[in-house]
Amino acid sequence: MWNTIMGISETYDRGRSFVVEQPFGVVAGVVGVLLIVDLATKLMNGSLSVLSLALFLKDGLIQGLVIALAGVGLSMTYSLLGFANFAHGDYITAGAFAGWATTYVIGGLGALPIADLFLVGVSGEANAGTVGVSIVSTPIAVLVGLVVAIAFTAGLALLIDRLVYKPMRNEEGITLLIASIGVALALRYLLAFVFGTSRPGVTGGDIPGFEVPVIGIRLNAHEIALAIGAVALMVGVHVLLQYTKLGTAMRAMADNRDLARVTGIPTERVVRATWVIGGGLTGAAGYLVTLETGTIAFDFGWILLLLIFAAVILGGIGSVYGAMFGGLTIGIASTVSLVWLPSEFTTAAAFAVMILILVLKPSGLFGGVTTA
């Protein structure tokens with residue numbers, strides 16, 4: 001009896017301490033419960049259909065996969081180099097343009113001038129209607145474009161590291177951060193100079209799909225291709241980190257770079273490999289999101305960057321698996337919030353979810369875990 005009373009007393013004391021120390025967490029928890037109850041009520045009274053909720057979740061997963069894939073590259077470079085690369089969003093854009101320029105050249109070769117094809121519908125005769133590229137009508141062109149996007153962005157990331165970041169490797173993190181902002185601006189406006197500032201469509205023709213049984217939502221071929229490509233690449237990252245010597249070296253450097261150097265790990269070689277892998281994943285994310293949305297613009301990677309940072313911070317900055325899970329969380333939060341909010345406020349809702357989780361767990365969902 002006495003033990004029971006003591007147990008109740010300790011539980012009460014812990015609860016009171018949590019309320020005093022984390023008042024915002026309590027309020028956020030109450031709001032979360034109210035939203036869940038309201039969602040259930042909307043489903044039961046018919047003001048929100050199960051199909052609509054399923055569509056929000058589908059769109060959130062698709063967006064989340066892109067954010068997660070791009071976030072892995074950002075998280076890898078942060079965990080090894082210790083600075084937030086603000087040029088990451090423009091790597092996404094550069095990879096997308098490189099890949100889609102290649103796709104257009106292959107898809108329209110012989111039918112349209114190469115110069116027009118290279119500009120990806122920005123000017124000239126080449127556009128979504130005349131070239132008509134898609135994963136179904138021109139699968140070879142799309143696959144080659146994806147490979148080029150990965151290779152180009154990997155090379156670009158490595159080149160910029162050699163020219164800009166390597167000479168500053170021993171400087172304070174703020175120095176590298178400011179340098180990355182300069183790189184971002186230079187890349188963005190170089191792309192604007194070459195490809196213009198319009199937002200042309202890039203995919204054309206009928207895109208087939210299929211209806212998911214029971215749920216009733218429809219997935220088109222480009223959404224399926226994005227999901228397969230993103231999941232395959234993230235599984236590849238997992239295999240690399242856990243089952244290869246390079247992955248072991250990367251995890252060791254993320255934990256303690258000086259100790260890794262003392263034990264004979266070629267740290268500079270690992271840094272180069274990290275830029276190549278992280279850049280390649282980023283380019284793939286840019287190409288795949290353009291395939292799914294059907295449009296491209298010189299600044300879309302910069303716009304995505306805020307959500308990518310939110311995902312990386314939410315998951316626990318420096319954690320690859322945290323970036324994956326954080327990306328999915330941010331993607332789903334931004335679309336499911338449409339149940340209550342206008343579309344203009346979905347990004348704010350995603351950041352609100354990030355703040356809520358960080359209040360309850362300041363180190364992030366995977367805090368304390370670095371590269372692995």
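These figures come from a predicted structure and were not determined experimentally.

Summing up its helical and strand segments, the protein has 15 helices and two strands in all. The proportion of buried residues among the 372 residues of the protein is 47%. In the protein, the proportion of contacts linking residues at least 24 apart, taken out of those at least 6 apart, comes to 74%. Carbon and sulfur atoms form 70% of the exposed surface of the protein, whose accessible area is close to 17,400 Å².

Another aspect to go through is a nonpolar patch on the surface. Side chains of Val 31, Leu 35, Trp 340, Leu 341 and Phe 345 sit close together on the surface and give an oily, nonpolar patch of about 410 Å² of accessible area. Relative to the helices and strands, Trp 340 is located in the loop between helix H14 (320-336) and helix H15 (346-360).

Next up on the list: the packing of helix H3 (residues 50-81) against helix H10 (residues 245-255). For any two helices packed against each other, the geometry is given by the interaxial angle and the distance between the axes. Closest axis-to-axis distance for the H3/H10 pair is 7 Å, and the angle between their directions is 55 degrees. Here H3 lies oblique to H10, going by the angle between them. Contacts from Met 76, Ser 79 and Leu 80 of H3 reach H10 at Met 250, Met 253 and Ala 254. Looking at the contact of H3 with H10 residue by residue, the classes come out as five nonpolar, one polar and no charged.

Looking at the protein, pLDDT values average 84 and 90% of them are 70 or higher. Here residues 368-372 scores under 50 on pLDDT; set against residues more than four positions off or in separate chains, the count is 18 contacts.

With that out of the way, let us pick up H3. Think of an α-helix as turning once every 3.6 residues; residues three or four places apart then point the same way. The end-to-end C-alpha distance of H3, which contains 32 residues, comes to 45 Å, matching closely the 46 Å that a straight helix rising 1.5 Å per residue would cover. Within H3, 23 of the 32 residues are buried, which leaves the element mostly enclosed by the surrounding structure. Once H3 finishes, Gly 82 follows within two positions and takes phi at roughly 75 degrees, a positive value.

Time to look at the side chain of Thr 103. Along the chain, Thr 103 falls in helix H4 (residues 88-108). Separated by 3.2 Å, the side chain of Thr 103 and the backbone oxygen of Ala 141 make a polar contact. When sequence neighbours within four positions are dropped, the list of residues in contact with Thr 103 reads Val 133, Ala 141, Val 142, Gly 145 and Tyr 287.

What counts and what doesn't
Residues numbered from 1 in each chain as written. Predicted model: local features only at pLDDT ≥ 70, side-chain atom pairs only at ≥ 80, totals over all residues. Heavy atoms only, no water. Helix = DSSP H or I, 4+ residues; strand = E, 2+ residues; numbered from the N terminus. Buried < 20%, exposed > 50% of the residue type's maximum accessible area, 1.4 Å probe, protein only. Contact = heavy atoms within 4.5 Å. Areas by Shrake-Rupley, 256 points an atom, 1.4 Å probe, with all protein chains shown as cover. Patch = residues over 30% accessible without salt bridge, like charges linked within 9 Å, V, L, I, M, F, W, Y side chains within 5 Å. Salt bridge = Lys/Arg side-chain N within 4 Å of Asp/Glu carboxyl O. Axes fitted to C-alpha atoms, helices over the stretch in contact; angles between N-to-C directions. Parallel < 35°, antiparallel > 145°, perpendicular 65-115°, else oblique. Nonpolar A, V, L, I, M, F, W, Y, C, P; charged D, E, K, R; others polar. pLDDT = per-residue confidence, 0-100. Expected span 1.5 Å × (residues − 1). Polar contact = N/O pair within 3.5 Å; in protein donor to acceptor, adjacent residues only side chain to side chain.

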